Amino acid sequence: MSDLKYDKDNLEFTEDRKSFGKILLVVGKYFVMSLFLAVLYYVVFALFISTDREKRMMAESRLIARQYDMLEDKVEILEGTVSGLEAADEEIYYEVFNSYIPDYTGYYYTDSSASYHRDTTYGSAIVFSSMERLKGLSSRFSACAALLGEVIDTVNSHARKDALTSYPSIVPINDFPIMSTGASVGRRMHPFYKEVTYHSGLDLVAPAGTEVVASADGTVLAVDRSKKLQGNRVTIDHGNGYTTVYAHLSDIFVRKGQKVRQGAVIAEVGNSGTSFAPHLHYEVVLNGKHVDPLNYFFGELTPDQYRQMMTVAMNTGQSLD
């Protein structure tokens, strides 16, 4: 292969012959440039232009991630509920029945997926992990149901009925309507000072003159009559570290040192002391510390009634005293 080349010295055209190596080099340059451009086009296409199938896959991946996050939140709520039930069981056996803690071995499912790390790429793995965790929770719920069944059997046994009356396990107003429940223990808005203060008991709203009964067997520790603070009140010692307080009363029918039985009428609801409206301010004190009376109505309320009463009390932001 040759081309004509102009010779300036001789003022004539001469034949310019190219070697095979030069020809191969030129061809190689064009090939490399073509290959580079092809790779560049592919990279640009892959990074900035998605096919319909890729778009669908990315959308599905994002949807799976959102659904898994929602499912994970629900599982955490269930686990928290189970933990609360376990704590309630322990409290019942230790403080109420003076009994041993049941052996949980064999009841509960071991969650082998606790260390599982989420990977939204593999939907089947996510579903499998969630199903395994839900199976574990179901097993634990069944265990709690079995334990509560044992508690009910123990309560219904004749040997325990007498012991149960020594604990403040009933509502101190007979046939009390659940929706009349007021604020319970905790920080609540004071009706007169209009600032958040500590409320030491449970408000049970009832008309003046409604009978107030002792929530457990015991001995009247004190009878106070006053026009200030908690007004007229009765304090009963039940033994085992428990005392109860009944405040803002009108009439009082017991005296200091008198022994009373669970369910016996001890006073009437009033509006004495610093009280916003007629109601019974009821306290349960265990070893000198105020506890929530709602947790001690297991001798009278059904689970549904307890749940409803707890909901009303938690949503009442202002106390009546």
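What counts and how
Residues numbered from 1 in each chain as written. Predicted model: local features only at pLDDT ≥ 70, side-chain atom pairs only at ≥ 80, totals over all residues. Heavy atoms only, no water. Helix = DSSP H or I, 4+ residues; strand = E, 2+ residues; numbered from the N terminus. Buried < 20%, exposed > 50% of the residue type's maximum accessible area, 1.4 Å probe, protein only. Contact = heavy atoms within 4.5 Å. Areas by Shrake-Rupley, 256 points an atom, 1.4 Å probe, with all protein chains shown as cover. Salt bridge = Lys/Arg side-chain N within 4 Å of Asp/Glu carboxyl O. Core = buried A, V, L, I, M, F, W, Y, C linked by side-chain atoms within 4.5 Å. Lys, Arg positive; Asp, Glu negative; His and termini not counted. Polar contact = N/O pair within 3.5 Å; in protein donor to acceptor, adjacent residues only side chain to side chain.

Here's the deal with the overall build of the protein
Within the protein one finds five helices and 13 strands. Taking all 321 residues of the protein together, the buried fraction comes to 33%. Of all intrachain contacts in the protein linking residues separated by at least 6 positions in sequence, the fraction that spans at least 24 positions is 64%. By element, 58% of the accessible surface of the protein is carried by carbon and sulfur atoms, the whole surface being about 19,900 Å².

A closer look at the pattern of salt bridges
Scanning the entire structure with this criterion turns up three salt bridges. Its salt-bridge partner being Asp-217, residue Arg-261 comes within 3.3 Å of it at the nearest N-O pair. With a gap of 44 residues between them, Arg-261 in the loop between β10 (259–260) and β11 (265–269) and Asp-217 in the loop between β6 (211–213) and β7 (218–224) connect regions that are remote in the sequence. Its relative accessible area of 57% is what places Arg-261 among the exposed residues.

Considering the side chain of Thr-243
Its location among the elements puts Thr-243 in strand β9 (residues 242–252). Under the relative-accessibility criterion, Thr-243 is labelled buried at 17%. Among residues more than four places away in sequence, those in contact with Thr-243 are Ile-236, Asp-237, His-238, Glu-283, Val-284 and Val-285.

Considerations on the nonpolar core
Counting residues in hydrophobic clusters, the biggest one holds 34 residues, and the most contacted among them are Val-234, Tyr-246, Ile-266 and Leu-280. Contributions of two or more residues to this core are made by β5 (202–205), β8 (232–239), β9, β11, β12 (279–286) and α5 (303–314). Setting aside chain neighbours within four positions, we find Leu-280 in contact with Pro-172, Ile-173, Leu-202, Asp-203, Leu-204, Val-212, Tyr-246, Ala-247, Leu-249 and Val-269.

Some remarks on the environment of Met-314
Its place among the elements puts Met-314 in helix α5. Here Met-314 falls in the exposed class, since its relative accessible area comes to 60%. Between the C-alpha atoms of Met-314 and Gly-186, which are 128 residues apart in sequence, the distance is 9.5 Å.

Here we look at the side chain of Asp-203
In this fold, Asp-203 is placed in strand β5. Nearest to the buried, unbridged Asp-203 among oppositely charged side chains is Arg-188, at 7.9 Å. Engagement of the side chain of Asp-203 in a polar contact is seen with the side chain of His-199, the distance being 3.3 Å. Separated by 3.4 Å, the side chains of Asp-203 and His-281 make a polar contact.

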